[in-house]
Amino acid sequence: MSNYTGQLAALGAAAMWACTALSIEGAARRIGSLTVNLVRLAFAFAFLSIVGLVSRGHPLPTDATHHNWTWLTISGLVGFTFGDLCLYRAYVVLGPRLSSLMMALVPPITALIGWQVLGETLTWRDLLGMTLTLTGIGWAILERSRRSGAVQQHITPAGVALGFGGALGQAVGLILSKIGMAGYNVFASTQVRVLAGFVGYALLFFALRWWPNVRTGLRDRTAIGFCALGAFFGPFLAVSLSLLAIRETVAGVAASIMALTPVLIIPLVIVLKGEKVGIGGVAGALVAVTGVALLFL
């Protein structure tokens, strides 16, 4: 593979997350984020089953080892169930701007855990690239929120805890995935994670008595269509590319590039929604892109 396979896969994952964010937003407004999370994982599992059947002759990850199943299952529960649940709740309690900014903690947390657990190290160029990338992302997020006039909630301990929980869940999920997918197919590894996340949400829904809301949501064909589109770009393509990225390069570097999603959303909202982007947003994007360029060197 190319020396840049990991970085390119991470960039591809960021682009796919940008596409899925717009799709999931449309569905969540109609049937709620909790229902959307479950439905999109079901669609993703179906897509991954088709790929497994065509490419490997295994529609299900039945050839995974005990090691694969154990670590990837934990990764799916930590990343999809715990991490996403904290993140979406943080959007409500803390507001979208601060929640998005707290997700910028994912790369440094990932790098720290990767160093402690996997023995991964970063060069000075990696550190500079990560710093520029995250600075540019934060700048772009703040500028977009300011121009949109979005109302922000007050900072509360609960909101900060939820935001940090979302970032921690994503970071730990990545590291656990890198451990669990050793010697195994990327798409099949994603399928194990998706299955674990689905089961985690299903159990949660029993505890919350949320299943009637799911049944109601399934009647909304428009929302289900958005869920299918979001599942294709997100848990199917983006997550698979993210696993390829962390397998082929240092996890902290991959996480930094994948954090570029808020910047990549900017041209999409300009074209699809007609949003205007100020000088600050453009400058932030340029700084982030400069940081990513350093991570490719």
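Quick summary incoming for the structure in this document. (Residues numbered from 1 in each chain as written. Predicted model: local features only at pLDDT ≥ 70, side-chain atom pairs only at ≥ 80, totals over all residues. Heavy atoms only, no water.)

## Looking at the packing of aromatic side chains
Thought 1: Under the defined criterion, the tally for this structure stands at eleven aromatic pairs.
Thought 2: Taking the centre distance of 6.4 Å and the plane angle of 25 degrees together, the rings of Phe 43 and Phe 47 count as stacked. With Phe 43 and Phe 47 both in helix α2 (residues 33-56), this residue pair falls four residues apart, about one helical turn.
Thought 3: Ring centres of Phe 47 and Phe 236 lie 5.8 Å apart, and the angle between their planes is 45 degrees; this geometry places the pair in the tilted category. One end of the pair, Phe 47, is in helix α2; the other, Phe 236, is in helix α10 (residues 221-248), and 189 residues separate them in sequence.
Thought 4: Relative accessible area serves as the criterion here: at 7%, Phe 236 is assigned to the buried category. (Phe/Tyr/Trp six-rings, centres within 6.5 Å; stacked < 30°, edge-to-face > 60°. Helix = DSSP H or I, 4+ residues; strand = E, 2+ residues; numbered from the N terminus. Buried < 20%, exposed > 50% of the residue type's maximum accessible area, 1.4 Å probe, protein only.)

## A look at the nonpolar core
Thought 1: Counting residues in each nonpolar core, the largest one holds 41 residues, and the members touching the most others are Ile 137, Ile 246, Ile 257, Met 258, Leu 260 and Val 263.
Thought 2: Take this core: its biggest share by element is six residues, from helix α11 (residues 251-258).
Thought 3: Residues within four places of Ile 257 in sequence aside, it is in contact with Gln 7, Ala 10, Leu 11, Ala 14, Val 292, Leu 295 and Phe 296.
Thought 4: Of all hydrophobic cores here, the second largest spans 13 residues; its members include Leu 41, Ala 44, Tyr 201 and Phe 236. (Core = buried A, V, L, I, M, F, W, Y, C linked by side-chain atoms within 4.5 Å. Contact = heavy atoms within 4.5 Å.)

## Re the pattern of salt bridges
Side chains that differ in charge, positive against negative, can pair when their charged atoms come close.
Thought 1: One pass over the full model with this rule turns up five salt bridges.
Thought 2: Residues Asp 220 and Arg 30 are paired through a salt bridge, measuring 3.0 Å at the closest nitrogen-oxygen approach. With Asp 220 in the loop between α9 (211-218) and α10 and Arg 30 in helix α1 (residues 5-31), this pair connects stretches of sequence that are 190 residues apart. (Salt bridge = Lys/Arg side-chain N within 4 Å of Asp/Glu carboxyl O.)

## Description of the packing of α10 against α11
Packed helices, taken two at a time, are described by their axes: the angle between them and the distance between them.
Thought 1: Where α10 meets α11, the axes come as close as 7 Å, and the angle between the chain directions of the two elements is 145 degrees. Seen from above, α10 lies across α11 with right-handed handedness. In contact with Ser 242, Ala 245 and Ile 246 of α10, α11 contributes Ala 251, Ala 254 and Met 258.
Thought 2: A breakdown of the residues in the contact of α10 with α11 according to their chemical character gives five nonpolar, one polar and no charged. (Axes fitted to C-alpha atoms, helices over the stretch in contact; angles between N-to-C directions. Left-handed = near helix turned anticlockwise from the far one by under 90°. Nonpolar A, V, L, I, M, F, W, Y, C, P; charged D, E, K, R; others polar.)

## What about the side chain of Thr 81?
Thought 1: Here Thr 81 is to be found in helix α3 (residues 66-93).
Thought 2: Taking relative accessible area as the criterion, Thr 81 reaches 11% and is therefore assigned buried.
Thought 3: Residues in contact with Thr 81, not counting those within four places in the same chain, are Gly 76, Ala 196, Gly 197, Gly 200 and Tyr 201.

## Some words on the state of the cysteines
Thought 1: A complete count under the given rule lists zero disulfides for this structure.
Thought 2: With no disulfide of its own, Cys 227 lies closest to Cys 19 among cysteine sulfurs, the gap being 16 Å. (Disulfide = S-S within 2.5 Å.)

## What to know about empty space enclosed by the protein
Thought 1: Under the criterion given, the structure shown has one cavity of 30 Å³ or more.
Thought 2: Approximately 50 Å³ is the volume attributed to the largest cavity.
Thought 3: Forming the boundary of the largest cavity are Leu 48, Val 51, Gly 52, Ser 55, Arg 56, His 58, Asn 185, Phe 187, Ala 188 and Gln 191.
Thought 4: Taken together, the elements giving at least two residues each to the lining of the largest cavity come down to α2 and α8 (186-208).
Thought 5: The element contributing the most residues to the lining of the largest cavity is α2, with five residues.
Thought 6: Here the lining of the largest cavity is composed, by residue class, of four nonpolar, five polar and one charged. (1 Å grid on protein atoms, 1.4 Å probe; cavity = no way out; pocket = protein on both sides within 12 Å on 5 of 7 lines; lining within 4 Å. Points joined across faces, edges and corners; volume = space filled by probe spheres on them.)

## What about the environment of Thr 216?
Thought 1: If you trace the backbone, Thr 216 turns up in helix α9.
Thought 2: On the basis of relative accessible area, Thr 216 is assigned to the partly exposed category, the value being 47%.
Thought 3: C-alpha separation for the pair Thr 216 and Cys 19, spaced 197 residues apart in sequence, amounts to 26 Å.

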